[in-house]
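Okay, here's what each chain looks like letter by letter:
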Amino acid sequence: MALSASEAITMATLNGAKALGIENITGSIAKNKSADFIAINLNEIETFPLYHPTSQIVYAASRNQVRMCG
């Protein structure tokens, strides 16, 4: 069975933090947790037309589309 885009995001964030034993301080956006944010330009040929943003980010976007990290 294939992995859904939302499952892939969860594996990379919350489940990644759980695997490292740090889910109480990071891995999800919640009060008193550390978080990094990125901005992704989805108006590029690789991710156009945009039907489902989560799927586009997981399956089509590249590192060249990251515009801001913080």
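For the structure itself, look to the data block above.
Residues numbered from 1 in each chain as written. Predicted model: local features only at pLDDT ≥ 70, side-chain atom pairs only at ≥ 80, totals over all residues. Heavy atoms only, no water.

1. Quick word on the environment of threonine 47
We count it as follows: By definition, any uninterrupted DSSP run of H or I lasting at least four residues is a helix, any uninterrupted run of E lasting at least two residues is a strand, and each is numbered from the N terminus. Residue contacts are counted whenever heavy atoms from the two residues lie within 4.5 Å of one another. Polar contact criterion, stated in full: a pair of N or O atoms within 3.5 Å, where within protein one must be able to donate a hydrogen and the other to accept it, and residues adjacent in sequence count only if both atoms are side-chain atoms.
By the element assignment, threonine 47 lies in the loop between strand E1 (38-40) and helix H3 (53-59). A C-alpha to C-alpha distance of 23 Å links threonine 47 and aspartate 36, two positions 11 residues apart in sequence. Those residues in contact with threonine 47 that lie beyond four places of it in its chain are Asn41, Leu42, Gln56, Ala60, Ala61 and Gln65. A distance of 3.0 Å separates polar atoms of two side chains, one belonging to threonine 47 and the other to glutamine 65.

2. Structural notes on the layout of surface pockets
Rule in force here: Residues are called lining when one of their atoms sits within 4 Å of a cavity or pocket point, these points coming from a 1 Å grid over the protein atoms alone, where a cavity is a set in which a 1.4 Å probe fits but cannot get out and a pocket is an open set with protein on both sides within 12 Å along at least five of seven lines. Grid points are joined across faces, edges and corners, and a volume is the space filled by probe spheres set on the points. Residues were grouped as follows: Ala, Val, Leu, Ile, Met, Phe, Trp, Tyr, Cys and Pro as nonpolar; Asp, Glu, Lys and Arg as charged; and all remaining residues, including Gly, as polar.
If you add up the space inside the largest pocket, you get close to 570 Å³. Elements supplying a minimum of two residues to the lining of the largest pocket: helix H1 (5-12), E1 and H3. Of the residues assigned to the lining of the largest pocket, the class counts are 10 nonpolar, 6 polar and 1 charged.

3. Focus on the side chain of glutamine 56
The line we're drawing: Buried, partly exposed and exposed residues are distinguished by accessible area as a fraction of the type maximum, computed with a 1.4 Å probe on protein chains only: under 20%, between the cut-offs, and over 50%, respectively.
By secondary structure assignment, the location of glutamine 56 is in helix H3. Judged by its relative accessible area of 15%, glutamine 56 is buried. Apart from residues lying up to four places away in sequence, glutamine 56 is in contact with Thr47, Phe48, Pro49, Leu50 and Ala61.

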